[in-house]
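Coordinates in review
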Amino acid sequence: MGQKLKIAGWITIGALTGALTTVSLQTTARANMAPLPLEELQQLAAVFSMVKSDYVEPVDEKKLINDAITGMVASLDPHSQYYDKKTFKEFREGTTGRFVGVGIEITQEEGLVKVVSPIEGSPAFRAGMKSGDMITKIDDTAVKGLSLNDAVKRMRGEPGTKVMLTIYRKDENRTFPVSIVREEIKTQSVKGKLIEPGMGWIRLSQFQERSVEDFTKKLDEIYKQDPKLKGLVLDLRNDPGGLLDAAVAVSAVFLPDNVTVVSTNGQMAESKFAYKAAPEFYRSSNVDPIARLHQTTKGFYKKVPLVVLVNEGSASASEIVAGALQDHKRATIMGSQTFGKGSVQTVRQLGADTALKITTARYYTPSGRSIQAKGIVPDVLLDDTAEGSPYAVLRMREADLDKHLQSGQGNEATKEQEKERERAREEAIKRLEEESKKPNSERRPPEFGSDKDFQLQQAILRLKGLPVLASKTQTERPVSETKDK
C-alpha cells in the first residue's frame, strides 16, 4: 500500500492543512545536542562544491541549499516542512482564513499533485474539482518532475488572474481542463442553526484564528433562538484541524473547568505538557469569548446533551476535541474512525522570512491514548448513507502516508488484515467505476447539515433517545504495521 501512496508532504493552496501547529518565533539552541557528524558534513560540502564546479551548466547556490534543506526535512515525516520566503507567507496567511489562491488542499503522489480536498465555496470547489483528482499540468507546464513548492507557486498568483489546470480523474478514466480564476478566499469556518425545535447543529470546518470567536457567537445565536435546547450536534466531519489553542478553547466550551484537554510528549522538555480547559491555555487577548458565552447563556453549554460527528477527514485539532469529550464522557462520538493525525508541529523561524515546521511531539487524549496513525474510534459507528459506506475503504488516512510516524503504543495491523483491506479497496474501485457512469447530479453527496444528511439524522435520533441505524459493516481499523519509511 505504501507504494501506492507516495506522499512527500502536505502543502495547502490557500489553507492550513490538518497540522496541529504551535508557533515559535525564535531559533532555540539545544544544550544536549549530540556532536555534529563532521565526516558526513564534509561529504555534503564536497558534493555541493562538485555540483557548483562540474555540473553541465551553472547552478544557483541558494537554490541548491534550499533544495537540500527541503529534502532533508521532507524525509522525516509527512508533516515536517521547510518554508522558504513564499511558502512561509502562505502558511501564515492560511491560519487567518484569508488568502489568494484556487482553494484546494493538496499532496503529492507518484510525481503528480493530488487533490486532498477542495475548500468549501472556493473557485476550485465551484469548478467541480473533487478529492482524488490528479493535476497533471498547470497552464502549459507538466507537473511531473516539479516539487510541491514549485507546483504551489505556479498555481498561486494575483486575484482575478486565470490558471488552467489539467485534471486526470481516475474513477472516470478521463483527462480534462479546468479554468479557474484566482481570488481572495475568506473561509467561514463556523456554521450553525436549529435543525428543529430543541435540536441545534454547529459545524467547524477548520480551527483558525477567528474560529473560537465565531464559534461562541454562533452558539450564543442558537441559544437565543431556543433557550430550551435539548441537544446539540458538534459537526467535525472533514475538519482537517488547525491551531492548538483553538482546539483547547472549543473543548473548554463543553468541559468542566481546568480538566485536561490534551497532553503532548516528545524529546524536548518543553514538549512534555498538559493543556487544560482554562483561559491561560487558549486566550491570546484580554477578551475571553468563552467566559462571555457562559455568562450570557448561564453556563448552558457545559451541560447540554452533546453528540460529536467525525469521519476519516477529521484530523488533528478535531481529534483533540473529540478525544477530550469522549474521555471525559461529555459527548457521544458518532461517525467513522478519524484520520489519525496525532503529532505536534512546531514552527521555528530561521530568519526574517524563512522557517522550519518540524514534528516535536505526539499528542495524547486525557486518558493517555495516542491518536497518531490510529485516530479516534467513535462510540457509535455510522455509515455515510442508509445504504452503507461502500467507498470508505478508499479514503486516505495518516497510516497510509509514506514515512508516517508510528503511534508509539503498538496495536499494529497484521499482514492478513492489510491484505483484506487491499481486497476491499479493489472491490470499492470497481463499484466506483460503475458509479462514475451516472450523471453528476446523482453522484453528488448531500450537503452537511441538510435534511438529507443521514449521519446528522442519526445524531438527532441519539439525542432524542431513539434507536439509531448504526453501521453493521464498519470495524475499527488497526494501525498499519508498515514502519516509518
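Residues numbered from 1 in each chain as written. Predicted model: local features only at pLDDT ≥ 70, side-chain atom pairs only at ≥ 80, totals over all residues. Heavy atoms only, no water.

The grouping of Leu36, Leu38, Leu41 and Leu44 at the surface amounts to a nonpolar patch, some 410 Å² of accessible area in total. By secondary structure assignment, the location of leucine 41 is in helix 1 (residues 38-54). (Patch = residues over 30% accessible without salt bridge, like charges linked within 9 Å, V, L, I, M, F, W, Y side chains within 5 Å. Areas by Shrake-Rupley, 256 points an atom, 1.4 Å probe, with all protein chains shown as cover. Salt bridge = Lys/Arg side-chain N within 4 Å of Asp/Glu carboxyl O. Helix = DSSP H or I, 4+ residues; strand = E, 2+ residues; numbered from the N terminus.)

Counting residues in each nonpolar core, the largest one holds 53 residues, and the members touching the most others are Phe215, Leu234, Phe254 and Tyr301. The leading source of residues in this core is helix 7 (residues 244-254), at 9 residues. Excluding residues that lie within four positions of it along the chain, phenylalanine 215 makes contacts with Val190, Ile202, Leu204, Leu234, Val250, Val253 and Phe254. Counting residues in hydrophobic clusters, the runner-up holds 20 residues, among them Ala124, Ala151, Val152 and Val178. (Core = buried A, V, L, I, M, F, W, Y, C linked by side-chain atoms within 4.5 Å. Buried < 20%, exposed > 50% of the residue type's maximum accessible area, 1.4 Å probe, protein only. Contact = heavy atoms within 4.5 Å.)

Moving on to the pattern of salt bridges. Two side chains that carry opposite charge are able to pair once their charged atoms sit near each other. Tallied over the entire structure, the rule returns 18 salt bridges. A salt bridge links arginine 169 to aspartate 133, with the shortest nitrogen-to-oxygen separation between them at 2.8 Å. With arginine 169 in strand 9 (residues 162-169) and aspartate 133 in the loop between helix 4 (123-126) and strand 7 (134-138), the pair connects residues that are 36 residues apart, well separated along the chain. Both residues of the pair, arginine 169 and aspartate 133, belong to the buried class. The residue arginine 237 makes a salt bridge to aspartate 235 at a minimum N-O spacing of 2.7 Å. Aspartate 235 shares its class with arginine 237; the two are buried. Through salt bridges with shared partners, one network takes in Asp133, Arg169, Glu172 and Arg174.

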